[in-house]
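Here is what each chain is made of, one letter per residue.
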Amino acid sequence: MLGLPPAPFARLRAVTALFLLAAFFFGATPASAATYVPIAGAGSTWSQNALDQWRANVKQYGMTVNYIGTGSSDGRNQFRNGTVDYAVSEIPYGFKDSGVVDSAPSRKYAYMPVVAGGTSFMYNLTIGGKRVTNLRLSGEVIAKIFTGQITTWNDPAIKADNPALASALPARPVVPVVRSDRSGPTAQFSTWMSKQYPSLWDDYCRRAGSSTPCGATSTYPIVPGSGFVSLAGSNGVSGYVAQAGNEGTITYVEYSYAVYTTGFPVAKVLNKAGYYVEPTASNVAVALLKARINEDPSSPDYLTQILDDVYNDTDPRAYPLSTYTYMIIPTALESNFNNQKGKTLGAFAYYFLCQGQQHVDNLGYSPLPRNLVEAGLKQVRRIPGVDVQSIDIKSCQNPTFSTDGTNTLLETAPYPSACDRVSSSPCDGTAPGVTQSITTTLEPGALAISIAGSPHVELPSPVLDSSGEFLHTSGQMTPVTVSDTRPGNIGWTASGQVGDFTGPAGSIIDGSSLTWAPAIVDRGNVQSVTAGALVVPGDGSGLKDARTLATGIGPGVADVGAGLDLDAPTSTHRPQRCPVRIRRS
């Protein structure tokens, strides 16, 4: 059996996942004796992975928190119409979309931060049948891709960002996948393009029939015949790109849908410090230090954000398209919202603002910084019916800040490698225009199997068993020596099989009458040796089918053997013989 068996690695991955899943349930808990009525919300798909995890976690406390990811705009509409108890959105009310202002609801409300993250650029690209995982893109290249100015993957501008891949990038069409519904990610992405590359964005909007200056929009304009693909929801666009047949596609989506939902790569984006970076939890947290947050509690836009300084942050770690989402909460008893619902919503908010932030990085998000957690805890008190709690923020164990209030990630967030700098050699070690030929000779080694003794095993004369139906005998197989001198941890399997026992005058004992109990006689210096499974009487065809004697991993010498049992029918009168054939693979 050539190659390492996959089972040990599969077991290791499963244990890690369980550990991470269990980690979500640690931390302080709401009051154990409380009872809660169900609540319902709708909105952002960008933050849905985090919300779904939190909703699952609080079920153990008796809370039923319903949520449907219908898109930020629909969530705001449903809250305005009073059909949900809360909404989640990347953009606040008052957003001007294609000349139309999204008006605020008549019901009283407030914004509360939920979770931070980065809008990433997930792609599906292979070279020579191997998936590309180290794509780098500058902001201008991204803008040109999503405005139809760059249409093939071997475009000179993409080559310039990726000198290590330049000679191999295919002439395959670039297929941008955009949102068809009114969405927060589209609003965030178009805001960034309108601020950073206004001429490219306005020219595209003009070709799509939109008025200019285009500005931010939650509905992505489409130029007829451009080859763009439009789909609803974060799951819709990420799921489409992840399909094997959709090679050449690229989309904008929250980082969680790439690393957590689909396992697909995202492009490293060039920041203003001249480094290509990914939207990791630490890179997003560093960037959001430059967000301008409305800190006027009397303002209806309290806690909303302006991200211009995030786009232009010169910290080498900052991810340019970083943001956070808001929960829109009711602050008055109206539109079917009552004190009982307020009690549930308040308890849920206390949970996700504190212990819920502890492990969001495992889901592809970034935990909220201390100032937003503190402001959010104050907003919870405005929910009618909430059981007000005095949360000691030091106990939140939020990884972005320490117990003394200092921003931990600002000090501990890793800086990008020197090879991620725009003027440096690529991180994969291949400098443009310079190649080396590196060879080595691998001695093949050998796998051999031998018998350390007589190849003939004579079992004692059978005796009648207690049932009177069989003649039983047993003994030991001569040990088999397996010698593996191959380099590396290549595995092997030794197996055995018999035919029928034959005697004079054509008498036959079926080979299934022989069974065995494999054992390790001497494991020697082999890294891992495991005896095969016990084969007992009545176990199918006994040793008439090939059965595993032992398996091993790694070079060395080991001796393996087995105890043999033969149950012959009482009609057998004379000794009969059958060779046991031992094979290795």
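Above this note sits the structure.
Everything quoted here is computed from the prediction, not taken from an experiment.

Conventions adopted
- Residues numbered from 1 in each chain as written.
- Predicted model: local features only at pLDDT ≥ 70, side-chain atom pairs only at ≥ 80, totals over all residues.
- Heavy atoms only, no water.
- Disulfide = S-S within 2.5 Å.
- Buried < 20%, exposed > 50% of the residue type's maximum accessible area, 1.4 Å probe, protein only.
- Helix = DSSP H or I, 4+ residues; strand = E, 2+ residues; numbered from the N terminus.
- 1 Å grid on protein atoms, 1.4 Å probe; cavity = no way out; pocket = protein on both sides within 12 Å on 5 of 7 lines; lining within 4 Å.
- Points joined across faces, edges and corners; volume = space filled by probe spheres on them.
- Nonpolar A, V, L, I, M, F, W, Y, C, P; charged D, E, K, R; others polar.
- Core = buried A, V, L, I, M, F, W, Y, C linked by side-chain atoms within 4.5 Å.
- Contact = heavy atoms within 4.5 Å.
- Polar contact = N/O pair within 3.5 Å; in protein donor to acceptor, adjacent residues only side chain to side chain.
- Axes fitted to C-alpha atoms, helices over the stretch in contact; angles between N-to-C directions.
- Left-handed = near helix turned anticlockwise from the far one by under 90°.

**Student:** Break down the state of the cysteines for me, with residues and values.
**Tutor:** Evaluated as defined, the whole model comprises two disulfides. Note on cysteine connectivity: Cys205 is disulfide-linked to Cys214, with sulfurs 2.0 Å apart. Between Cys205 and Cys214 the disulfide shows an S-S torsion of about -75 degrees. By sign, it is left-handed. Across this residue pair, the class does not change: Cys205 and Cys214 are buried. Two residues share a disulfide in this structure: Cys354 and Cys396, whose sulfurs sit 2.1 Å from each other. Its torsion about the S-S bond being -120 degrees, the disulfide of Cys354 and Cys396 is classed as left-handed. Within this pair, whereas Cys354 is found in the loop between helix 12 (339–353) and helix 13 (370–380), its partner Cys396 is found in the loop between helix 13 and helix 14 (408–412), the two being separated by 42 residues in sequence. Since its relative accessible area comes to 4%, Cys354 is described here as buried.

**Student:** Just give me the short version of the layout of surface pockets, but keep the residues and values in it.
**Tutor:** Estimated volume of the second largest pocket: approximately 410 Å³. If you go around the second largest pocket, you meet 21 residues; those closest to its centre are Ile91, Pro92, Phe95, Thr191 and Gln305. Elements represented by at least two residues in the lining of the second largest pocket include exactly helix 6 (184–196), strand 16 (305–306), helix 11 (308–311) and strand 17 (322–330). Of the residues forming the lining of the second largest pocket, the biggest block, five residues, is contributed by helix 6. Looking at side-chain class alone, the lining of the second largest pocket contains 11 nonpolar, seven polar and three charged residues.

**Student:** Requested: an account of the nonpolar core, with residues and values cited.
**Tutor:** Core analysis: the largest hydrophobic core is formed by 117 residues, its most contacted members being Trp54, Phe121, Phe146, Phe189, Tyr220, Met327 and Phe352. Sorting elements by how many residues they give to this core places strand 6 (residues 109–123) first, with 10 residues. Setting aside residues up to four positions removed in sequence, Phe146 forms contacts with Phe121, Pro176, Val177, Val178, Phe189, Tyr204, Tyr220, Phe228, Ile250, Thr251 and Tyr252.

**Student:** An account of the side chain of Ser89 is requested, with residue identities and associated values reported.
**Tutor:** Its place among the elements puts Ser89 in strand 3 (residues 86–89). At 2.6 Å, the side chain of Ser89 and the backbone oxygen of Ile91 are in polar contact. Those residues in contact with Ser89, other than ones at most four positions away along the chain, are Ser44, Ser72, Arg76, Thr325, Tyr326 and Ile328.

**Student:** Any details on the packing of helix 2 (residues 48–57) against helix 12? Residues and values, ideally.
**Tutor:** Two numbers describe how helix 2 lies on helix 12: the axes approach to 11 Å, and their chain directions differ by 115 degrees. As for how helix 2 packs across helix 12, the hand of that crossing is right-handed. Here helix 2 contributes Leu51, Trp54, Arg55 and Asn57 to the contact with helix 12, which in turn contributes Phe348, Tyr351 and Phe352. Along the lines of polarity and charge, the residues of the contact of helix 2 with helix 12 split into five nonpolar, one polar and one charged.

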